[in-house]
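A look at the structure
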Amino acid sequence: MRLGIDIGGTKTALALAEADGAVLGEARVATTPSGDAQRDLAAIAAAAGRLLAAHGIAGRALEIVGVSLPGGVDAAGGFVRNPPNLPGWDGAPVRDVLARALGARVALENDANAAALAEWRFGAARGTQHAVYLTMSTGVGGGLILGGRLHRGDANLGGEVGHMPVVWQGEPCACGLRGCVEAYIGGAAWSRRLARETPPESAVARLASLAGAPPRPEHVVTAARAGDAFALAELARFNAVLAQTLCSLAAALAPEIFVLGTIAVAAGELCFGPVRELVRANTWPRPRPVAIVPAALGERLPIFAGLGVAAEALAGD
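Residues numbered from 1 in each chain as written. Predicted model: local features only at pLDDT ≥ 70, side-chain atom pairs only at ≥ 80, totals over all residues. Heavy atoms only, no water.

When helices and strands are counted, the protein chain shows 11 helices and 12 strands. The globule rule puts the C-alpha radius of gyration for 317 residues at 20 Å, and the 20 Å found for the protein chain is close to it. Based on the C-alpha atoms only, the size of the protein chain along its principal axes is roughly 60 × 50 × 35 Å. A burial count over the protein chain gives 51% of its 317 residues as buried. The contacts in the protein chain between residues at least 6 apart in sequence include a share of 63% that link residues at least 24 apart. A total accessible area of about 14,100 Å² is found for the protein chain, and carbon and sulfur atoms account for 55% of it. Looking at the protein chain, you have 27 positive and 28 negative side-chain charges, and the mean spots of the two groups are 1 Å apart. (Helix = DSSP H or I, 4+ residues; strand = E, 2+ residues; numbered from the N terminus. Rg over C-alpha atoms; globule rule 2.2 N^0.38 Å. Buried < 20%, exposed > 50% of the residue type's maximum accessible area, 1.4 Å probe, protein only. Contact = heavy atoms within 4.5 Å. Areas by Shrake-Rupley, 256 points an atom, 1.4 Å probe, with all protein chains shown as cover. Lys, Arg positive; Asp, Glu negative; His and termini not counted. Charge placed at Lys NZ, Arg CZ, Asp CG, Glu CD.)

If you want it as structure tokens, here you go:
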């Protein structure tokens, strides 16, 4: 029996599953950071205990617990660095605290790697050996599956696709560098651009006004579907940067598949059609073209993220 835990700044998802990934039970609870990581982890462990008890499972029956969480994760050391929206967690020994509380082995990964593992084992990239996962939400996160294993790289820094430069000394990025992928197609950076550039007569501005909010990427997608010229131009800009990023990754890594989440999924074929064509036209011919597909798990991703971490840890034994 395996337990998956996906810890976010506002919600924690828990899933109990068989070795084959069949989910037996799940729960979602509010994450209410207190500023004390030990107290917060005790609350998460208590929620896990309730899920186990509801299915007649004692902690000692667990083979492993897989944990996904934001921030810099030291998978070998079992602690987290500077997780966003989790005050007081910097340096928290998450693995050891949960292992003591649940009486089971615990494995950790950051949320982007965990999402990649989830889509590879349970979602759109099942059956492949070389896969790249990208999510474009507030920032741009990535995860690399190479040769059938998660690639972490030196110091666990592999997969930081959002901080590849696409414009030398270009727009400032939240990471402190300039010209990063995230500075052009991350949701927060795009929203800042829209606040500066959206014409007041565009459908994007009207949609934002109706929502009582500043213009956001979802307004661009909706307006583009209606044929708004500004929205179509903005989406074309997004697609071009995304395609350039995928071309670089295709040349360096030769993956079988790119799995794209969040903004790309919301845009659908307005994104996938042009991006596939741009990548095809700007990469070397291959015996089989790299697949570029939407993420499959959607709102179920948190349920499978921790289970993917658990499966990956056991595969390394």
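Our next topic: the packing of aromatic side chains. This structure, assessed with the given rule, holds two aromatic pairs. Taking the centre distance of 5.1 Å and the plane angle of 15° together, the rings of Trp190 and Phe238 count as stacked. Remark: Phe238 occurs in helix H8 (residues 229–253) and Trp190 occurs in helix H5 (residues 187–197); sequence separation between them is 48 residues. Judged by relative accessible area, which is 0%, Phe238 ranks as buried. (Phe/Tyr/Trp six-rings, centres within 6.5 Å; stacked < 30°, edge-to-face > 60°.)

Grouped together as the largest cluster of nonpolar side chains are 43 residues, with contacts concentrated most on Met136, Ile185, Phe238, Leu242, Leu246, Phe258 and Leu260. At 11 residues, the largest contribution of residues to this core is made by H8. Among all residues touching Leu242, those that are not within four sequence positions of it are Leu134, Met136, Ile185, Leu260, Cys271 and Val275. (Core = buried A, V, L, I, M, F, W, Y, C linked by side-chain atoms within 4.5 Å.)

With that settled, consider the packing of helix H1 (residues 37–54) against helix H2 (residues 94–102). Following both chains from N to C, one finds H1 and H2 inclined at 40°, their axes separated by 10 Å at the closest point. The pairing of H1 with H2 is recorded here as oblique in orientation. Crossing of H1 over H2 shows right-handed handedness. Where H1 abuts H2, its residues Gln38, Leu41, Ala45 and Ala48 lie against Val94, Val97, Leu98, Ala101 and Leu102. Residue composition of the contact of H1 with H2, grouped by class: eight nonpolar, one polar and no charged. (Axes fitted to C-alpha atoms, helices over the stretch in contact; angles between N-to-C directions. Parallel < 35°, antiparallel > 145°, perpendicular 65-115°, else oblique. Left-handed = near helix turned anticlockwise from the far one by under 90°. Nonpolar A, V, L, I, M, F, W, Y, C, P; charged D, E, K, R; others polar.)

So, about H8. Over its 25 residues, H8 runs 36 Å from end to end, which matches the ideal 36 Å to within 8%, given 1.5 Å per residue. N-capping of H8 is provided by Asp228, with a side-chain oxygen placed 3.3 Å from the backbone N of Phe230. Phi turns positive one or two residues past the end of H8, at Ala254, with a value near 50°. (Expected span 1.5 Å × (residues − 1). Polar contact = N/O pair within 3.5 Å; in protein donor to acceptor, adjacent residues only side chain to side chain.)

On to the sheet that holds strand E9 (residues 140–146), then. Taken together, five strands build an open sheet; the order of strands is E10-E9-E8-E11-E12 and the sheet is mixed. Only two strands of the sheet have a single neighbouring strand rather than two, namely strand E10 (149–150) and strand E12 (291–294). Sheet topology note: the strand E11 (residues 257–262)/E12 ladder contains four bridges and is parallel. Bridge pairing links Val259 to Val293 in E12. Each of strand E8 (131–136), E9, E10 and E11 is contacted by helix H3 (residues 111–122), which is oriented at about 50° to E9, the strand it contacts most. (Pairing = 2+ DSSP bridges.)

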